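What follows is each chain in one-letter form.
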Amino acid sequence: MSHMPPSAGPFAIELTRGIVSVRDYGAVGDGVVDDTVAWTNALATGRTVIGRPGDTYVLDGGLVVSTAGQVVNMTGCVVKLKNSASSKTILRLNGTGAKAVGGEWNMNVANNSSGDSFGHCAVLLSGDFTVAEDMYVRDSYGIGVKGLGNGSYREVRRCRFENCAGYGVFFDGPDVADAVATRIVGCTISTASTTGRGIYIQSVSPFTYQSRRWIVQDNTLIGPSGVSTAVGITGRGADGIVE
């Protein structure tokens, strides 16, 4: 019998899903050893994946969450992109309702500053109803959290982004269907860079499909003093709200 309320929807975590630690699959968490294989195996279980608070996990990027509703909770941990990583996107959420929660996500820009900056992000929201929540993302050559263009009901909430050279949060423009109900709420974005940007929700020419009914709410943006172009909010689409 399910004990979840009927309104829980795709964000609900099934009580029977279970929890695994990346430590159970061989992760070391010492900030030196590459823990990518251990993470891959833990994610493949489809269960909620956690780390041990105080650990630092070095990852080569390219990790994918494919299971609907799966949660990756790194509260109390550091997730660090490996030097010269094979993929500059650490974690991609493909499964409907998948969620990344907590942790410090160090994009290690000093050792990952080449290639397409739009491919550099801590978490990529791909599936519908995917969420990035309570994360601290820093030092990215590109973006903090990115949303692919074709997806709906995705959220970035209560995250902190620091020194992301491109954008704190960037949602690409849809090209096969409208992207509906993107929400970016309660985030703080700060940068010392004169080129860093804040939040961008995109629709692209010829605007056959658009970002619609998006909400950008209660966010704080901090840029270098005297540089008005460094941090801002750009929303392109229909029926969007900034407040």
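Keep in mind that this is a model prediction, so the values were computed, not measured.

Thresholds applied
Residues numbered from 1 in each chain as written. Predicted model: local features only at pLDDT ≥ 70, side-chain atom pairs only at ≥ 80, totals over all residues. Heavy atoms only, no water. Phe/Tyr/Trp six-rings, centres within 6.5 Å; stacked < 30°, edge-to-face > 60°. Helix = DSSP H or I, 4+ residues; strand = E, 2+ residues; numbered from the N terminus. Buried < 20%, exposed > 50% of the residue type's maximum accessible area, 1.4 Å probe, protein only. Core = buried A, V, L, I, M, F, W, Y, C linked by side-chain atoms within 4.5 Å. pLDDT = per-residue confidence, 0-100. Contact = heavy atoms within 4.5 Å. Pairing = 2+ DSSP bridges. Axes fitted to C-alpha atoms, helices over the stretch in contact; angles between N-to-C directions. Salt bridge = Lys/Arg side-chain N within 4 Å of Asp/Glu carboxyl O.

Q: What should I look at first to understand the packing of aromatic side chains in this one?
A: Where two aromatic rings form a pair, the distance of their centres and the angle of their planes describe that pair. Per the counting criterion, the structure on display carries seven aromatic pairs. Centre to centre, the rings of phenylalanine 129 and tyrosine 153 are 5.0 Å apart; their planes meet at 10°, and the pair counts as stacked. Residue phenylalanine 129 is found in the loop between β11 (121-125) and β12 (131-133), and its partner tyrosine 153 is found in the loop between β14 (143-147) and β15 (155-157); the two are separated by 24 residues along the sequence. Residue class for tyrosine 153 comes out partly exposed when judged on its relative accessible area of 37%.

Q: I would appreciate a short explanation of the nonpolar core in the present structure.
A: Buried together is how nonpolar side chains tend to be arranged in soluble globular proteins. In terms of nonpolar packing, the biggest core is built from 45 residues, with Leu91, Trp105, Val123, Val156 and Phe161 touching the most fellow members. Tallying contributions element by element places helix α1 (residues 36-43) first for this core, with four residues. The next biggest cluster of nonpolar side chains, apart from the first, holds six residues, and it includes Cys121, Leu124, Ile143 and Tyr200.

Q: It is not clear to me how unusual backbone geometry should be interpreted in this structure. Could you clarify?
A: Phi is mostly negative for residues that are not glycine, and the peptide bonds are mostly trans. In this model, phenylalanine 129 sits at a positive phi of 65°, which is unusual for a non-glycine residue. On the basis of relative accessible area, phenylalanine 129 is assigned to the partly exposed category, the value being 25%. Of note in this structure, asparagine 163 is not a glycine but carries a positive phi near 55°. As for its placement among the helices and strands, asparagine 163 is situated in strand β16 (residues 160-164).

Q: How should I be thinking about the confidence of the model for the protein in this particular structure?
A: For any part of a model where pLDDT is low, the fine detail of the predicted coordinates should not be relied upon. Scored by pLDDT, the protein comes out at a mean of 90, with 89% of its residues at no less than 70. Predicted confidence is poor over residues 1-16, with pLDDT under 50, and the contacts of this stretch with residues over four places away or in other chains come to 13 contacts.

Q: Help me understand the sheet that holds β11 in this model?
A: Backbone hydrogen bonds are what pair the strands of a sheet, in a parallel or an antiparallel way. As summarised here, the arrangement of the seven strands in space is β5-β8-β11-β14-β17-β21-β25, forming an open sheet in which the pairing is parallel. Strands at the two margins of the open sheet, each flanked by one partner only, are β5 (63-65) and β25 (233-235). Pairs of neighbouring strands in the sheet enclose a mean axial angle of 10°, with direction left out of account. Sheet analysis places strand β21 (residues 197-201) next to β25, joined by three bridges and oriented parallel. Counted as the bridge partner of tyrosine 200 is threonine 234 from β25. α1 rests against β5 and β8 (89-93) of the sheet, and its axis sits at about 10° to β5.

Q: Can you help me understand the pairing of strand β4 (residues 56-59) in this one?
A: The two faces of the sheet receive side chains in turn, since in a regular strand these alternate between them. By the alternation rule, side chains of β4 split into Thr56 and Val58 and Tyr57 and Leu59, which are all buried. One ladder, built from two bridges, connects strand β2 (residues 30-34) with β4; its direction is parallel. What sits directly across from aspartate 34, in β4, is valine 58. Both β4 and strand β7 (residues 78-81) contribute to a ladder of four bridges, which runs parallel. Paired with threonine 56 across the strands is valine 78, a residue of β7.

Q: Would you mind showing me how to read the environment of valine 176 here?
A: Mapped onto the elements of the fold, valine 176 is located in the loop between β17 (167-171) and β18 (179-180). Take valine 176: its relative accessible area is 56%, and that puts it in the exposed class. For the pair formed by valine 176 and threonine 208, sequence separation is 32 residues and the distance between their alpha carbons is 8.6 Å. Beyond its immediate chain neighbours, meaning those up to four positions away, valine 176 contacts Asn150 and Tyr209.

Q: Please explain the pattern of salt bridges as it appears in this structure.
A: Pairs can form between side chains of opposite charge once their charged atoms are near each other. Per the counting criterion, the structure on display carries 11 salt bridges. Put simply, lysine 82 and aspartate 34 hold a salt bridge, and the shortest N to O gap is 3.1 Å. One end of the pair, lysine 82, is in the loop between β7 and β8; the other, aspartate 34, is in strand β2, with 48 residues separating them in the sequence. Overall, aspartate 34 belongs to the partly exposed group, its relative accessible area being 33%. Three or more residues joined by partner-sharing salt bridges are found here, namely Glu133, Asp134, Glu155, Arg157, Arg158 and Arg183.

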